[in-house]
Amino acid sequence: MQSVFAAMGRCPLFEGIPKEKYPNVLTCLQGEARAVSKDQVLLRMGERQSRPGVVMWGTLRISLYSEDGNLLTIERLDAGMVFGESLVCSMAEDSPIQIDAITDGEVLYLDFDPLLLQQENACPFRTRVTANLLREMGREALFLNRKMRILAQNRLRNRITLYLQSLPATSDGVIRLEMGRGELAEYLCVDRSALSRELGRMQKDGILTYQGQTVRILDQDFLTV
């Protein structure tokens, strides 16, 4: 149970709630922890998401299939992040996305009925959880807007540029990528070899250097464009 409470402490959904009240909130929202294994599909396109969840540990992936059958990564979900909340709150019958596990992990499924239906005798912290939920859905909307802007770029270099500009950089221009080369190619909706070639050109042009998931920006104007 302590692992569940630790995951709740990392989750923005429970921000502002005293830790000693976590058991009450967990009871109200009928929390249920479940182990997931690598490559397990938690939600398929066309299925209904009945309960949202929180990643306790491990990494999940939200993706969809393009018209030519390629799986496109929309977002990665690490510990403390919420998934399925928009589908549940919209009462969507058919999911347009797929959710699967990139690694082994554990998720905490919740019941949002006390929040959506304003049931009597529900948890007294439901107002705080509801406010946090709205904030998280707003964050998700902003993320998707940024993703749409990236994919709207015709040139691969522009897609790479916008992605790197969305990540925090140190004072000396070092950026830690959130994903490996293959996953980044999926995120940018490009071929992995094409991504490697363009990164090589950007390095040759003196814009950046890269090694693994670490990028160092050499052009001081790059992140301000």
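Parameters and conventions
Residues numbered from 1 in each chain as written. Predicted model: local features only at pLDDT ≥ 70, side-chain atom pairs only at ≥ 80, totals over all residues. Heavy atoms only, no water. Salt bridge = Lys/Arg side-chain N within 4 Å of Asp/Glu carboxyl O. Helix = DSSP H or I, 4+ residues; strand = E, 2+ residues; numbered from the N terminus. Buried < 20%, exposed > 50% of the residue type's maximum accessible area, 1.4 Å probe, protein only. Contact = heavy atoms within 4.5 Å. 1 Å grid on protein atoms, 1.4 Å probe; cavity = no way out; pocket = protein on both sides within 12 Å on 5 of 7 lines; lining within 4 Å. Points joined across faces, edges and corners; volume = space filled by probe spheres on them. Nonpolar A, V, L, I, M, F, W, Y, C, P; charged D, E, K, R; others polar. Expected span 1.5 Å × (residues − 1). Pairing = 2+ DSSP bridges.

**Student:** Lay out the pattern of salt bridges with the relevant residues and their values.
**Tutor:** The full count for this structure, using the stated rule, is 14 salt bridges. In this structure, the salt-bridge partner of Glu198 is Arg201, at a minimum N-O distance of 3.0 Å. In this pair, Glu198 and Arg201 are both assigned in helix H8 (residues 192-204), three residues apart and thus about one turn of the helix distant. Overall, Arg201 belongs to the partly exposed group, its relative accessible area being 43%.

**Student:** Please give an account of the environment of Leu108 that cites residues and values.
**Tutor:** Among the secondary structure elements, Leu108 is positioned in strand E8 (residues 105-109). Separated by 82 residues in the primary sequence, Leu108 and Leu26 place their C-alpha atoms 9.8 Å from one another. Those residues in contact with Leu108, other than ones at most four positions away along the chain, are Val4, Met8, Leu26, Gly31, Glu32, Ala33, Pro52, Gly53, Val54 and Met56.

**Student:** Describe in detail the layout of surface pockets, supporting the description with residues and values.
**Tutor:** Considering only enclosed or pocket space, the largest pocket measures out at about 330 Å³ in volume. Around the largest pocket, the lining comprises 15 residues; the ones closest to its centre are Glu75, Arg76, Phe143, Leu167 and Glu178. Mapped by element, the contributors of at least two residues to the lining of the largest pocket are strand E5 (71-77) and helix H5 (126-151). In terms of residue count, H5 provides more of the lining of the largest pocket than any other element does, four residues in total. Looking at the lining of the largest pocket residue by residue, the classes come out as eight nonpolar, one polar and six charged. Of the voids in this model, the second largest pocket is the one considered here, and its volume is about 290 Å³. Around the second largest pocket, the lining is made up of 17 residues, and of these Ile62, Ser86, Ile97, Glu140 and Leu144 lie nearest the centre.

**Student:** Could you give me a rundown of H5, with the residues and numbers involved?
**Tutor:** Between its first and last C-alpha, H5 extends 37 Å over 26 residues, near the 38 Å set by a 1.5 Å rise per residue. Here H5 has its buried residues at Val129, Asn132, Leu133, Glu136, Glu140, Phe143, Lys147 and Ile150. As for H5, its buried residues are in contact with helix H2 (22-28), E5, helix H3 (85-89), helix H4 (113-116), helix H6 (156-165) and helix H7 (181-188).

**Student:** Describe in detail unusual backbone geometry, supporting the description with residues and values.
**Tutor:** For Asp39, which is not glycine, the phi dihedral falls at a positive 75°. By secondary structure assignment, the location of Asp39 is in the loop between strand E1 (32-36) and strand E2 (41-43). Judged by its relative accessible area of 55%, Asp39 falls in the exposed class. Backbone geometry places Met91, a non-glycine residue, at a positive phi of 55°. Take Met91: its relative accessible area is 55%, and that puts it in the exposed class.

**Student:** Account for the sheet that holds E1, with residues named and values stated.
**Tutor:** Spatial strand order, E1-E8-E3-E6: four strands in an open sheet with antiparallel pairing. Strand pairing shows two members of the sheet lacking a second neighbour, E1 and strand E6 (82-83), which therefore form its edges. Inspection of the sheet shows strand E3 (residues 53-57) paired to E6 by two bridges, in the antiparallel sense. Counterpart to Val54 in the pairing with E6 is Val82.

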